[in-house]
Amino acid sequence: MVDGGVAEAVSQGTWNLSELYGGFDDPRLAADQQRARDGASAFVSRYRGRIGALDASEFLAALREFEAITALTGKPGHYASLRFSVSTDVPEVQAAYAQAQAFEAEINQELAFFTVELSSIPLQQFEALADSQELRPYRHYLHFQRMFTDYTLAEDVERTILRMQVTGRDAWVNLYTQVTSSLEFEVEVAGQLRVLTSSEVRALATDVDRSLRDRALQATVEAYEPHTPVLTHVFNTLFEEHRSEMTERGYDDVMDYTVLKDDLAPDIVDALLDVTTGHMPIVHRYHALRKRVLGLDDYGMQDVRAPAFGEEPQVSWERASELVVEAFTGFSPEAGDIATRFLTQGWVDVFPRKGKRGGAFCAPGYPPEHPWVMVNFTGKTDNVFTLAHELGHALHFTLALEQSPLNYWTGLPLAETASVFAELWLHEHLMSVSDDPKLQRQLLDRQIQGAVGTAFNQVAYIHWERRAHAARAESVASAGDFGRLWSEEQSRLLGDAVLLQDRDQHRWMRIPHFVFARFYCYSYAFGKLLTLGLADLWREQGAVFVSDYLALLRAGGSMTPSELVTELGIDLSDREFWERGCSVVDRYLIQLEELVD
Ligand SMILES: [Zn+2]
């Protein structure tokens, strides 16, 4: 609001949140909450019990009202969560955040009847509504609300399932969390025996000292080992519970629910998994190269993330911002302008400090509010890529501001597209401005390591998960059964260059995604390869691609992921598209191989 506020915020690298509210005691905040409350009660008295009786134009009016209340309700909560992110240790902020969350929950509960009544409109009547001219802009939203109707059981059965989940699935997941989060990892570091947490021990996988990496891995294996019988039982139980629920609901395959929830179709995921699996020799070559660079005959799991190409240089905040803006501008001047706006308006909170959350994020509100970016910049090359990543999200959420609140959020499958693509712009830019082969090797290694971790590894996880579910469908599986499947899938992924030991066969029990969700890992591979495929189209089509891509971002969540990319001429069920993504990784690897020889 006030110019001075912006200049001060930018020079200190903090947010200028006065754009939203001047503080928790800003009368505008209380007024917004009052308006939301009044709007919600007016909405309830106008529409409750009547949603099924509305014609298309009345329905449109109701939807508009619903989304206006949702946006208004969300704004104080958005402000409070941003304040909390940078002041987690201030009691006044904690209390205000809790109050804002409770307020949001209260209003959402009041409005919950809307989607419930929407899903119980008789099918034919619903189709006519969703296809009407008036409701065209909300077609995708409406269909998405009804997506699971065919698989929904009678109301009392659904209620029972929900109730039983507390002592069923949730209890097993909790048991897994309890067992694994209480583990302690004893590792000798610098001559001293230390007890490490799981994140500390994981961080040692990238340490330059090989014997330390090895001890860290051994400590992890030994910490899990005594819990093998319990964890095997947890996996068996959750897999069987999932199978019986899916059968009860009428799904053909245990993975279908996950794919449908992401607004995709099974043939798309099949094409993705098939093509990626066919290109696993890229991973074999990558590890063979790293093995050669590290000069190890017995290159193993303790080495797959070792820094093979030396330490990356430090970068100042000013230089990092410059590089990211140049990279964005190189893609499109409009993208560069938006990145600049974030960096010069106090929309990025930059440095770590006491009470500030770790990590990084881009937090969107509802239109017309622009998103806010938080990073913890310490000058590592990693941090520069994180800045590009979060500003990529910010670009997406900024362009999508022309959508109405219900059409604003893009679904999960495309959620990471703009961010990962922005990292690629930075990669290409850094490669083009650097003539230092050492830095180029590091940059290429980073990209390939990222693609291997996010695409190929995750596909191997899905193969294991499918086979493990199938094994459990036959009969209760032993740890040895799960371990054998794991070793087979890991060998297929890693090839001959990586020496797998007996201790590596039970790593499946350390992947929480198998416990917390079903078949979730495919979505990482989907997001990464989709973005790499886009990068290949960009290389091929240049300017034409750029404007189509920005149009895709502008569309927000107003269409399904498949419809959105159709505008770019992409058919997600076509194997050719996924081939493109893999070919980008292959090209990076060829470049790296050339720089090593
Ligand atoms: Zn992200």
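Residues numbered from 1 in each chain as written. Predicted model: local features only at pLDDT ≥ 70, side-chain atom pairs only at ≥ 80, totals over all residues. Heavy atoms only, no water.

Enquirer: Whenever I open this one, unusual backbone geometry confuses me. Can you help?
Expert: Keep in mind that most residues, glycine aside, have a negative phi and that most peptide bonds are trans. In this chain, P367 is followed by P368 through a cis amide linkage whose omega measures 5°. Relative to the elements of secondary structure, P368 occurs in the loop between β4 (361-363) and β5 (372-374). Despite not being glycine, A190 shows a phi value in the positive range, around 50°. Relative to the elements of secondary structure, A190 occurs in the loop between β1 (185-189) and β2 (192-196). Given the relative accessible area of 77%, A190 is considered exposed. Positive phi outside glycine occurs at D263, with the angle close to 70°. By secondary structure assignment, the location of D263 is in the loop between α13 (256-261) and α14 (266-278). (Helix = DSSP H or I, 4+ residues; strand = E, 2+ residues; numbered from the N terminus. Buried < 20%, exposed > 50% of the residue type's maximum accessible area, 1.4 Å probe, protein only.)

Enquirer: Which parts of the structure should I look at to understand the pairing of β1?
Expert: Consecutive side chains of a regular strand alternate in pointing toward one face of the sheet and then the other. In β1, alternate side chains face the same way, and those of F185, V187 and V189 are buried while those of E186 and E188 on the opposite face are not. As paired elements, β1 and β2 share five bridges and run antiparallel to each other. Across the sheet, residue E186 finds its bridge partner in β2, namely V195. A loop of two residues connects β1 with β2, the two strands running antiparallel in sequence, and A190 in this loop sits at a positive phi of about 50°. (Pairing = 2+ DSSP bridges.)

Enquirer: Mind showing me how you'd approach the coordination of the zinc ion here?
Expert: Each donor-metal-donor angle would ideally measure 109.5 degrees in four-coordinate tetrahedral geometry, or 90 or 180 degrees in six-coordinate octahedral geometry. Within the protein, H389 (NE2), H393 (NE2), E416 (OE) and E416 (OE) serve as the donor atoms for the zinc ion, at 2.1 to 2.7 Å. What the four donor atoms of the zinc ion show is an angle range of 52 to 140° at the metal, which sorts the shape as irregular. We note that the donor set of the zinc ion lies within a single chain, spaced as H-x3-H-x22-E. Highlighted residues: H393 in helix α18 (residues 381-399) and E416 in the loop between α19 (412-415) and α20 (417-433), separated in sequence by 23 residues. Given the relative accessible area of 37%, E416 is considered partly exposed. (Donors = N, O, S within 2.8 Å, 3.2 Å for Na, K, Ca; no water. Tetrahedral: all angles 85-135°; square planar, octahedral: opposite > 155°, others 65-115°.)

Enquirer: What is the right way to read the sheet that holds β4 from this model?
Expert: Either a parallel or an antiparallel arrangement is found when strands of a sheet pair, and the pairing is made through backbone hydrogen bonds. Spatially, the three strands line up as an open sheet ordered β3-β5-β4, and their pairing is mixed. Strands at the two margins of the open sheet, each flanked by one partner only, are β3 (348-349) and β4. Here two bridges tie β3 to β5, and the two strands are oriented parallel to one another. Across the sheet, residue V348 finds its bridge partner in β5, namely V373.

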